Amino acid sequence: MITRHEYTHFQQRAAAMIREAGIRLTEAEAARIEVVDFGLSRVAVEGVQVFTLFATDRISAKVLVMLPNQTEPEHWHPPVGADPGKEETIRVIAGTLNFYVPGEDTLQHGWIPAGKEHCYTCRHEIVMQPCDQLTLPPNTKHWFQAPASGAVFYSFSTCVRDGLDRFSDPAIVRQTRIVEE
Ligand code: ZN
């Protein structure tokens, strides 16, 4: 749950970071930036801002913004019928993005949000700077975080079915609820 005031505030911060990264946005586009709190009601700690450039039945392109010290909770994109699940390529535009996948524990720069150790199982750290990119296979657990720099990055993927994403934290609901004041 997030208040309308907070929602607009986070949208505006994300729009400013996208523009600072050199990507132009119209005002109408800035107003379409989605602020996601994963139902955890503490978007500054666990959340993400998403600007969808397009999403067809087969492919999508987004610009994602992580505010300083914000973490996107661990999740994965499961198979759906004959589809093996969403395959996604991330490319960093600005800032630093710490990305976590299964593998050897190399967690050094990032941190697990306090009290959420059981909800963040991936500890293999990939520190990504502008122009770094990685392709994540379908059905692979991952989470990511921006340090104080924040991060702006592209996400190119096969068809998006956010509603079917699976999360390690049982408290998560993908739909953000906005409360009008
Ligand atoms: Zn993902």
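This text follows the structure it describes.
Scoring rules and cut-offs
Residues numbered from 1 in each chain as written. Predicted model: local features only at pLDDT ≥ 70, side-chain atom pairs only at ≥ 80, totals over all residues. Heavy atoms only, no water. Helix = DSSP H or I, 4+ residues; strand = E, 2+ residues; numbered from the N terminus. Expected span 1.5 Å × (residues − 1). Pairing = 2+ DSSP bridges. Axes fitted to C-alpha atoms, helices over the stretch in contact; angles between N-to-C directions. Buried < 20%, exposed > 50% of the residue type's maximum accessible area, 1.4 Å probe, protein only. Core = buried A, V, L, I, M, F, W, Y, C linked by side-chain atoms within 4.5 Å. Contact = heavy atoms within 4.5 Å.

J.: What am I meant to see in helix 1 (residues 4-20) here?
T.: Residues separated by three or four positions in an α-helix point in the same direction, a consequence of the helix having 3.6 residues per turn. Compared with the 24 Å implied by 1.5 Å per residue over 17 residues, the 24 Å span of helix 1 between its first and last C-alpha is a close match. Remark: Gly22 follows helix 1 within two positions and exhibits a positive phi of approximately 95°.

J.: Please clarify how the sheet that holds strand 11 (residues 151-158) should be interpreted in this entry.
T.: Think of a sheet as strands paired side by side through backbone hydrogen bonds, with each pair either parallel or antiparallel. Judged by pairing direction, the sheet is antiparallel, and its 6 strands sit side by side in the order 2-3-4-11-6-9 without closing on themselves. At either margin of the open sheet sits one strand with a lone partner, and together these are strand 2 (34-36) and strand 9 (133-136). Averaged over all neighbouring strand pairs, the angle between strand axes comes to 25°, with direction disregarded. Alignment of strand 6 (residues 88-95) against strand 11, held across 7 bridges, turns out to be antiparallel.

J.: Can you help me understand the pairing of strand 10 (residues 142-145) in this one?
T.: Walk down a regular strand and you will see the side chains alternate between the two sheet faces. Side chains His142 and Phe144 of strand 10 all project onto a buried face; the interleaved residues Trp143 and Gln145 project onto the opposite face, where all are buried too. Here strand 7 (residues 97-101) runs beside strand 10; their pairing, made up of 3 bridges, is antiparallel. Residue pairing across strands places Phe99 opposite Phe144, the latter belonging to strand 10.

J.: Would you explain the nonpolar core in this entry?
T.: Across soluble globular proteins, you tend to see nonpolar side chains buried next to one another. Formed by 21 residues in total, the largest nonpolar core has its most connected members in Met66, Leu97, Phe99 and Phe153. For this core, the elements supplying multiple residues, two or more each, are strand 3 (48-55), strand 4 (59-66), strand 6, strand 7, strand 9 and strand 11. Considering each element in turn, this core owes the most residues, 3 residues, to strand 7. Discounting residues that sit within four places of it in the chain, Phe99 has contacts with Ile90, His124, Glu125, Ile126, Met128, Leu134, Leu136, His142, Trp143 and Phe144. Counting 18 residues, the second-largest nonpolar core is a separate cluster that includes Met17, Ile33, Val43 and Val63.

J.: Would you explain the sheet that holds strand 8 (residues 124-128) in this entry?
T.: Strand order in the open sheet formed by 5 strands is 8-7-10-5-12, with antiparallel pairing between adjacent strands. The sheet is open, and its two edges are formed by strand 8 and strand 12 (166-167), each paired on a single side. Where strand 7 meets strand 8, 5 bridges bridge the pair, whose relative direction is antiparallel. Bridge pairing in strand 8 links Val101 to His124.

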